[in-house]
Amino acid sequence: MRFQNPPALPHDVVVEALERALGDRAHEFEAASVLVGSALKDDDREFVEHWCVQVGTRAVSGSPLLGLAGLCLGHTARRFGHLSDEALALAQSLAARAGVDPSDVDGRALDGLDDVRSFLRLW
């Protein structure tokens, strides 16, 4: 078996999958794949960033989507060399929460913040 990064999907498919998962945790696995595919391959930075922020602010405590949103913000920073102030603040907040309580936000948020720092040359 070989791992492959998920593809970027049409925006309407992404929105539907993420909204479904934010309303019903049973759909988080699909949403994770959709978010990663967008962060790694979608060329619309504002769209990707918007949905990372939506997921990172709306997912419930303990959802794996929280840490993943932070990680995907790191991917976005790496790919585009820019994050909005809102996205940057969220990456910092998710990483801080992960540092305090990994059952709230998993450690991928810390990896995402490391990428943000590296690729945006911050701090």
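Preceding this section is the structure that the text describes.
Presented here is an overview of the structure given in this document. These figures come from a predicted structure and were not determined experimentally.

### So, the pattern of salt bridges
This structure, assessed with the given rule, holds ten salt bridges. When the shortest N-O distance is used, the salt bridge between Arg79 and Asp43 registers 3.2 Å. With Arg79 in helix H4 (residues 64-80) and Asp43 in the loop between helix H2 (28-41) and helix H3 (45-58), this pair connects stretches of sequence that are 36 residues apart. Here Arg79 falls in the partly exposed class, since its relative accessible area comes to 25%. Between Arg45 and Glu46 there is a salt bridge, and its shortest N-O distance comes to 4.0 Å. What makes Glu46 exposed here is its relative accessible area of 58%.

### Structural notes on the packing of H2 against H4
Packing of H2 against H4 brings their axes to within 8 Å, and their N-to-C directions diverge by 10°. Judged on the interaxial angle alone, H4 and H2 are roughly parallel. Packed against H2, whose contacting residues are Glu28, Ala31, Ala32, Leu35, Val36, Ser38, Ala39, Leu40 and Lys41, the element H4 presents Pro64, Leu65, Leu68, Ala69, Cys72, His75, Thr76, Arg78 and Arg79 at the interface. Grouping the amino acids of the contact of H2 with H4 by side-chain chemistry returns eleven nonpolar, three polar and four charged.

Conventions and cut-offs
- By convention here, each chain's residues receive numbers from 1 onward along its written sequence.
- Selection of residues for local features in this predicted model requires a pLDDT of at least 70, selection of side-chain atom pairs for listing and counting requires 80 or more, and totals for whole chains, interfaces and linings are taken over all residues.
- The basis for every side-chain value is the complete set of heavy atoms in the structure, and neither hydrogens nor water enter the calculation.
- We define a salt bridge as a side-chain nitrogen of Lys or Arg found within 4 Å of a carboxyl oxygen belonging to Asp or Glu.
- The numbering of helices and of strands both runs from the N terminus, where a helix is a DSSP run of H or I of at least 4 residues and a strand a run of E of at least 2.
- Note on exposure labels: buried denotes an accessible area under 20% of the residue type's maximum, exposed denotes more than 50%, and partly exposed covers the range between, all computed with a 1.4 Å probe on protein chains only.
- To obtain an axis, a line is fitted to C-alpha atoms, over the contacting stretch when the element is a helix, and the angle between two such axes runs from 0 to 180 degrees between their N-to-C directions.
- Each angle receives one of four descriptions, namely roughly parallel if under 35 degrees, roughly antiparallel if over 145, roughly perpendicular if within 65 to 115, and oblique otherwise.
- In what follows, residue pairs with any heavy atoms lying within 4.5 Å of each other are defined as contacts.
- Think of it as three bins: nonpolar holds Ala, Val, Leu, Ile, Met, Phe, Trp, Tyr, Cys and Pro, charged holds Asp, Glu, Lys and Arg, and polar takes everything else, Gly as well.

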